[in-house]
Amino acid sequence: MARLVMKFGGTSVANIERIQNVARHVKREVDAGHEVAVVVSAMAGKTNELVAWCTEASPMHDAREYDAVVASGEQVTSGLLAIALQALGIQARSWQGWQLPIRTSDAHASARIVDIDGGEIIKRFEDRKEVAVIAGFQGINPETGRITTLGRGGSDTSAVAIAAALKADRCDIYTDVDGVYTTDPRVVPKARRLDKVAFEEMLELASQGAKVLQVRSVELGMVYNVPIFVRSSFDKPEDIDPHGTPPGTLICSEEKIMENHVVTGIAFSKDEAQISVRRIEDKPGVAASIFGPLADANINVDMIVQNVSEDGKTTDLTFTVPAADFARAKQTITSAQDKIGYARFDSETDVAKVSVIGSGMRSHAGVAAQAFAALAARNINIRAITTSEIKFSVLIDAAYTELAVRTLHTLYGLDQV
């Protein structure tokens, strides 16, 4: 017998028929003797609809009321799944974030989980064999008593945090794909599903553009050592052996992986914008005058390249920001032009970031050099480069994204079975 947290995303609970399918997945695990807590997202498209309603009511709406509205999507789904489970003869009860409670910070629309009290759910596991159906994406700020939400993808974060609080053996993330692939199969048909991925590698894959898991959920899994199993909710529940290992990808600590490949996967993101601030006086404090205001505006800066002139008097700074933050970043820098003292502001939004990730890079030299040569052979120009211990990223023109991904996927032998 194990204690499991099962999380189902929006496409898995998109309508009543799919909710009933989810109920059969849960029943399979309950019948196998497992203690089960389920975390659900809102029905597919529902959160977008609720956000649009808030914007339509007032473009400058109160963040506290925004959270009250958008958290309702998960409330509906959790209640419906509890009803569907009861119809199958399973003792089940729905829980909202504030009922556990899931205590969070007061940053409405992007709150962070501070603490979860899983005592009552554990008690009901033991006393009633009751399944807890928990609304993801939400919590409560204990100081104000207001509902908070965790930001997009927050249900993944809720699920892993609840698994940690309940001391679950595993957190199963059910989605519309059957695991984590070496890259997006829509771009590279030969992409392979990975059986296991280390937390560190998954963290890089998620942060560099892979959409399977939310970054914060992987961080929590790594901190609390909660194994995360990514699997498909569209496999027939009755075809799965609850005591076996179904198709999927296990995200776990590195020591549980027998063999580390040099490169595990290729991630990419087209949601990038490049900014160049040119001919700035090269003196101490210049970088702070640019990146300080951007940090104050909560704009994340990724790649940074600095070029100093031959005479050493001026410098150019080039960096990237998320495309969604480009307009704010431009306004932030141009409004501080007098303080920064730059001569020209250039920008480019038609760019993409391609990242190569693998823990095996720690012990293998020349991995990045191979990529640079392969991209050059395809006449793909590199605008910027960043590196870390298990990853390097290149910024290129967006038109070459698919070609670059396919080239690198083949280069590192990821096409091979």
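Rules used throughout
- Residues numbered from 1 in each chain as written.
- Predicted model: local features only at pLDDT ≥ 70, side-chain atom pairs only at ≥ 80, totals over all residues.
- Heavy atoms only, no water.
- Pairing = 2+ DSSP bridges.
- Helix = DSSP H or I, 4+ residues; strand = E, 2+ residues; numbered from the N terminus.
- Axes fitted to C-alpha atoms, helices over the stretch in contact; angles between N-to-C directions.
- Contact = heavy atoms within 4.5 Å.
- Salt bridge = Lys/Arg side-chain N within 4 Å of Asp/Glu carboxyl O.
- Buried < 20%, exposed > 50% of the residue type's maximum accessible area, 1.4 Å probe, protein only.
- Arc of directions from axis to C-beta.
- Polar contact = N/O pair within 3.5 Å; in protein donor to acceptor, adjacent residues only side chain to side chain.
- Parallel < 35°, antiparallel > 145°, perpendicular 65-115°, else oblique.
- Left-handed = near helix turned anticlockwise from the far one by under 90°.
- Core = buried A, V, L, I, M, F, W, Y, C linked by side-chain atoms within 4.5 Å.
- Phe/Tyr/Trp six-rings, centres within 6.5 Å; stacked < 30°, edge-to-face > 60°.

**Q** Would you take a moment to explain the pairing of strand S8 (residues 146-149) for this structure?
**A** Look at any regular strand and the pattern is simple: side chains alternate between the two faces of the sheet. Bridge count between strand S7 (residues 138-141) and S8: 4 bridges; the pairing is antiparallel. Across the sheet, Gly139 pairs through a bridge with Thr148, a residue of S8. In this antiparallel pair of consecutive strands, S7 and S8, the connection spans 4 residues, and Gly145 shows a positive phi of 75°.

**Q** Honestly, the sheet that holds strand S14 (residues 304-308) in this entry has me stumped. Any pointers?
**A** Either a parallel or an antiparallel arrangement is found when strands of a sheet pair, and the pairing is made through backbone hydrogen bonds. If you trace the 6 strands from one edge of the open sheet to the other, you get S14-S15-S13-S16-S18-S17, paired in antiparallel fashion. One side of each edge strand has no neighbouring strand; the edge strands of this open sheet are S14 and strand S17 (384-388). With strand direction ignored, the average angle separating the axes of adjacent strands in the sheet is 25°. Along the sheet, helix H9 (residues 286-296) contacts strand S13 (265-281), S14 and strand S15 (314-322); its crossing angle with S15, the most-contacted strand, is approximately 20°.

**Q** Before we go on, may I ask you to explain the pattern of salt bridges in this structure?
**A** Side-chain pairing between opposite charges can occur once the charged atoms of the two side chains come close. A full pass over the atoms with the stated rule returns 29 salt bridges. Notably, a salt bridge pairs Arg112 with Glu219, separated by 3.9 Å at the nearest N-O pair. Pair noted here: Arg112 is in the loop between strand S4 (102-104) and strand S5 (113-116) and Glu219 is in helix H8 (residues 215-224), with a separation of 107 residues, a long-range link. Asp184 is the salt-bridge partner of Arg186, the closest N and O atoms lying 3.0 Å from each other. Classification of Arg186 as exposed rests on a relative accessible area of 75%.

**Q** Is there a simple way to explain the sheet that holds strand S10 (residues 196-198) in this structure?
**A** The strand order across the open sheet built from 8 strands is S3-S6-S2-S1-S9-S11-S12-S10, with neighbouring strands paired in mixed fashion. Only two strands of the sheet have a single partner each, and these edge strands are strand S3 (92-95) and S10. Put simply, the sheet's adjacent strands are angled 20° from each other on average, direction ignored. Bridge count between S10 and strand S12 (residues 249-252): 3 bridges; the pairing is parallel. Each residue of the ladder has a partner; that of Val197, found in S12, is Ile251. Set on the sheet, helix H1 (residues 16-31) makes contact with strand S1 (3-8), strand S2 (35-40), strand S6 (131-135), strand S9 (170-175) and strand S11 (228-232); between it and S1 the angle comes to about 170°. In the packing of helix H6 (residues 154-165) onto the sheet, contacts are made with S1, S2, S6, S9 and S11, and the angle to S1 comes to roughly 175°.

**Q** Sorry, what's going on with helix H3 (residues 63-70) here?
**A** Since the α-helix packs 3.6 residues into each turn, any two residues three or four apart lie on the same face. Of all the residues in H3, the buried ones are Tyr66, Asp67 and Val70. End-on view of H3: buried residues confined to an arc of 100°, all on one side of the axis. Tucked into the core, H3 has its buried residues touching helix H2 (46-57), helix H4 (72-87) and S8. At the N-terminal end of H3, a side-chain oxygen is found 2.7 Å from the backbone nitrogen of Arg64, two or three residues along, and the residue is Asp62.

**Q** Honestly, the packing of H6 against H8 in this entry has me stumped. Any pointers?
**A** When two helices pack together, their arrangement is given by the angle between the helix axes and the distance between those axes. Where H6 meets H8, the closest approach of the two axes is 8 Å, and the angle between their N-to-C directions is 15°. The angle between the axes of H6 and H8 places the two elements in the roughly parallel class. Our pair here, H6 against H8, has a crossing hand that is left-handed. From H6, Asp156, Thr157, Val160, Ala161 and Ala164 reach across to H8, where they touch Arg216, Ser217, Leu220, Gly221 and Tyr224.

**Q** Where do I start with the side chain of Glu201 in this structure?
**A** For Glu201, the position within the fold is in helix H7 (residues 199-207). Within the local environment of Glu201, its side chain forms a polar contact with the side chain of Thr264, the two groups lying 2.6 Å apart. With residues up to four places along the chain from it excluded, the contact list for Glu201 reads Thr264, Ile357, Gly358, Ser359 and Ile390.

**Q** Help me out: how do you make sense of the nonpolar core in this one?
**A** When a protein is soluble and globular, its nonpolar side chains tend to lie buried together. Val5, Ile134, Ile162, Met202 and Ile251 are the most contacted members of the largest nonpolar core, which has 36 residues in total. Taken together, the elements giving at least two residues each to this core come down to S2, helix H5 (119-128), S6, H6, S9, H7 and S11. Those residues in contact with Ile162 that lie beyond four places of it in its chain are Val5, Val39, Leu100, Ile102, Ile116 and Ile134. Ranked by size, the runner-up nonpolar core spans 21 residues in total, among them Val187, Val356, Leu375 and Leu414.

**Q** Could you clarify how one ought to interpret the packing of aromatic side chains in this entry?
**A** Each pair of aromatic rings is reported with the distance of its centres and the angle of its planes. Taken as a whole and judged by the stated rule, the model has 4 aromatic pairs. With 6.5 Å between their ring centres and 50° between their planes, Tyr342 and Phe345 make a pair best called tilted. Accessibility assignment for this pair places Tyr342 and Phe345 in one class, buried.

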